[in-house]
Amino acid sequence: TNATTQSIVVSSAGNYSVIATNACGSDTSSPVAVVVNPTPTVTISGTNIFCNGQSTTLCASGGCNYIWNNASTVACILVSSPGTYSVTASCGNCSDTASVAVSVNQPPTAAFFPSQSLCSMSVWFMDNSVSAPSDLIVAWLWNISSMIYYNSDSTTQSPTGYYNSPGNYHVCLTVTTSHGCTDSTCKEVQIFAASVIQNEIESYVSVFPNPTSGEVE
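Reference entry: report on the structure contained in this document. Nothing here was measured: the structure is a model prediction, and the numbers come from that model.

## Comments concerning the overall build of the protein chain
Scanning the protein chain from terminus to terminus reveals one helix and 18 strands. Considering only contacts within the protein chain whose residues lie at least 6 apart along the sequence, 46% involve residues at least 24 apart.

Have a look at this one:
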């Protein structure tokens, strides 16, 4: 480098030597090899949103060695709590740092309400499930014993169908959100014969005066 100082700063790889001189003469040192390591660029991959009660895996890449802010020194860590996770990747004396914010979604709440036709054993199962605004419900799976579907199936949000005979039937609904959070609910649903429903309606209807002239308003 032609520098004449006792110490130098170098920024390029190569072999460096120095000639030392005093009153007795001079001497040349053995060359010192300087290696420049590439600067790592660390990235974090993995799902940073997961469901309450579950976990996610975060993986760092782009470095030689890693240390996370939770003191872990492996490339991939298992995370089960929300927060900001950062990792420093190093190769030799060179390093880079990256971070990611992890959040936890609350699971949905599955719910439904059966509504039977007044004149038949047709039933509409109305979905009343709710979820967080940031994690909408995207899938429904029904387990409705013995019901014959009308223009719908077990993955319809609010299916309709009919039963061939009255009785108590076991019905279950499982809902899934866009981030994979699920919830299920089951209940016993009582299906009445059409004549029973008509009799119940008639029990609430009265005509006055009785008898009438044949016209009722």
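## Let's talk about the nonpolar core
Core analysis: the biggest nonpolar cluster contains 17 residues, and Phe112, Phe125, Trp142, Ile144, Tyr163, Val171 and Ile191 have the highest contact counts within it. Elements that contribute at least two residues to this core include exactly strand E13 (122-127), strand E14 (137-144), strand E17 (167-177) and strand E18 (182-191). Ignoring any residue separated from it by four or fewer positions in sequence, one finds Val171 in contact with Phe112, Phe125, Trp142, Asn143, Ile144, Tyr163, Thr185, Cys186, Lys187 and Val189. Counting 14 residues, the second-largest nonpolar core is a separate cluster that includes Phe50, Trp68, Val79 and Val87.

## Focus: the sheet that holds strand E9 (residues 76-79)
Spatially, three strands are ordered E5-E7-E9 in an open sheet, and the strand pairing comes out antiparallel. Two strands lie at the open edges of the sheet, namely strand E5 (43-45) and E9, each paired on one side alone. Direction aside, neighbouring strands of the sheet carry axes that sit 25 degrees apart on average. Note: E5 against strand E7 (residues 56-61), three bridges, orientation antiparallel. Pairing of Ser45 across the sheet is with Cys59, part of E7.

Reading the values: rules and limits
- Residues numbered from 1 in each chain as written.
- Predicted model: local features only at pLDDT ≥ 70, side-chain atom pairs only at ≥ 80, totals over all residues.
- Heavy atoms only, no water.
- Helix = DSSP H or I, 4+ residues; strand = E, 2+ residues; numbered from the N terminus.
- Contact = heavy atoms within 4.5 Å.
- Core = buried A, V, L, I, M, F, W, Y, C linked by side-chain atoms within 4.5 Å.
- Buried < 20%, exposed > 50% of the residue type's maximum accessible area, 1.4 Å probe, protein only.
- Pairing = 2+ DSSP bridges.
- Axes fitted to C-alpha atoms, helices over the stretch in contact; angles between N-to-C directions.

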